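# Observations on the model geometry
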Amino acid sequence: MVVDHLKQEVFMFTTSKNASSQAQVLSQARFFSHRLEDFLSPFLQQLDRLLDRRLVATFLGLCQCLIRHRSRSSGLVLSELGGVLLSGDKAPAGTKRLSNLLRSPKWSWEVITDYLSQGAQRYVDQLLEAERELPLLLWDESVQEKTESIKSEGLCAVRSTKAKRALRVKPGYYDPPVKQAVHVPGFRWVGLVCCGLWAQPMLARFQWWTSRGQHATSLAQVRLTLLLWARETFGKDVLHVFDRGYASAKWLGLLLARTDRFLLRWPSRFKLLDIKGLLKHAYRFSVGRKASSSKVVRDMVRNITYRRSLVWQPCLHRDYPDCPLTLIICRPGRKGRQPWYLLTNEEVKSDRQAWRLVFAYARRWQVEQAFRFNKSEMGMESCRLWFWESRMKLLQIVTLVYAFLLSLLDKELRQAISDLLRQGCHRTGKRCRKTPTPLYRIRLALANLWNLLLLSLTQSSG
């Protein structure tokens, strides 16, 4: 049925396009197919020393299938991917190939994380050579919800963000029946993304963990492990950017012990020492003080423009009085929006340096978009593997595919991406032109063109 549906798409395509445009589209599809092979080539050479050549070919085919098969509910179901890998009538054989790849004890998911670490290190080196760039390492945490699962290895209780959104009171409707937090089975997730003030992001690492079972660990241990990894990989070349969930005296001590560069959003109710030695809440640092400067900034998420102002002041933490810090208070200039209280050990001697750090924290939205894209577009929550190691291998392969999609945002490929979107995912209308969702459309365009290329090859060989 899937093949018949795709044949119908090819028929509609051939009747609406002339021969020259068909050749152009197929050439575009081959270009990005070779681009994927070039991106994976160093890793496949490394994998070839560990696995049989047939499993290496299955790995490359799986990466292509993860882009071609777009489904949030069944994107990572092996029976579905097996049909995409070979064909609908050979789905069991394709599923068996994927199972043999994931169950093979000759390789582990750490091989993929090491490969991504090398790519992130090269990315940071390129940012250091560029002007006006500041290498950032964005930290954040999320969860993968498996609401209907009970027997998969490593499941633990996670706070459901979907239930939180569903229980939010809407104007004109009744209060929800449950106001407490809803916990469901799932896995915990930590993400690290590299980016610059202007450059496109680059995935550094995704790590999943659980608080139950054989692979149980704690959040503090996972954070420490990732911090040690970041120190070994990047040294002091990057600025670590954290949200309020990392604001604690213990985590601050770990960063100050090795003088790691950091930018941490500090809760307004947490206390700090001012220059006179008085201990007071963070929000009281700006009481009675006028803004030192202001700027008109544009919120790319909400697509609005408004004025922000800031004031900064040296401070100390009472547990670490020998480590000078700076508290930057960025006022939103809009009603209903809370100020940003940014704590850093970076040198701040002017408003220009303070604004640079404010814009650095604004880039933290990139890691939020990474979680959203992998959950919705890549279908990470649809994974139905029982065993922990096999599941980690599949999720890390998806992570590798996501890193490839991010690499297509390079400025050198701007014209090629424009042609790709024009040929594989053309949209009209003012809203579609101005909506900043390039990665979703790139994945859709690649899926359309690669499916057409596969069918054209099948027809020519048949």
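Residues numbered from 1 in each chain as written. Predicted model: local features only at pLDDT ≥ 70, side-chain atom pairs only at ≥ 80, totals over all residues. Heavy atoms only, no water.

Attention shifts here to the overall build of the chain. Scanning the chain from terminus to terminus reveals 15 helices and twelve strands. Against the 2.2 N^0.38 benchmark of 23 Å for 462 residues, the chain shows a C-alpha radius of gyration of 24 Å, consistent with a compact globule. Over its C-alpha atoms, taken along the principal directions, the chain stretches across nearly 85 × 55 × 50 Å. Counting across all 462 residues of the chain, residues that qualify as buried make up 50%. (Helix = DSSP H or I, 4+ residues; strand = E, 2+ residues; numbered from the N terminus. Rg over C-alpha atoms; globule rule 2.2 N^0.38 Å. Buried < 20%, exposed > 50% of the residue type's maximum accessible area, 1.4 Å probe, protein only.)

In this model, the chain carries a mean pLDDT of 89, and residues with pLDDT of at least 70 account for 93%. Across residues 5-17 the pLDDT falls below 50, and counting only partners more than four positions away or on other chains, this stretch makes eleven contacts in the model. (pLDDT = per-residue confidence, 0-100. Contact = heavy atoms within 4.5 Å.)

So, about unusual backbone geometry. The backbone of Thr 259 shows a phi angle near 50 degrees, a positive value even though the residue is not glycine. Following the sequence through the fold, Thr 259 ends up in the loop between α9 (249-257) and β6 (262-265). Thr 259 sits in the partly exposed class, given a relative accessible area of 44%.

This part is about the packing of helix α11 (residues 365-376) against helix α12 (residues 388-407). Where α11 meets α12, the axes come as close as 11 Å, and the angle between the chain directions of the two elements is 120 degrees. In terms of their interaxial angle, α11 and α12 are classed as oblique. Handedness of the α11/α12 crossing: right-handed. Counted together, Ala 370, Phe 373 and Asn 374 of α11 and Val 398, Tyr 402 and Leu 405 of α12 form the full contact between these two elements. By residue class, the composition of the contact of α11 with α12 is five nonpolar, one polar and no charged. (Axes fitted to C-alpha atoms, helices over the stretch in contact; angles between N-to-C directions. Parallel < 35°, antiparallel > 145°, perpendicular 65-115°, else oblique. Left-handed = near helix turned anticlockwise from the far one by under 90°. Nonpolar A, V, L, I, M, F, W, Y, C, P; charged D, E, K, R; others polar.)

This paragraph deals with the side chain of Gln 28. Here Gln 28 shows up in helix α2 (residues 19-48). If we ignore the near neighbours within four places in the chain, the residues touching Gln 28 are Ala 416, Asp 419, Leu 420, Gln 423 and Leu 449.

A few words now on the environment of Leu 86. Topologically, Leu 86 is positioned in the loop between α4 (78-85) and α5 (91-103). Leu 86 sits in the partly exposed class, given a relative accessible area of 28%. For the pair Leu 86 and Leu 197, spaced 111 residues apart in sequence, the C-alpha separation works out to 43 Å. Not counting chain neighbours up to four residues away, the residues in contact with Leu 86 comprise Ala 93, Gly 94 and Arg 97.

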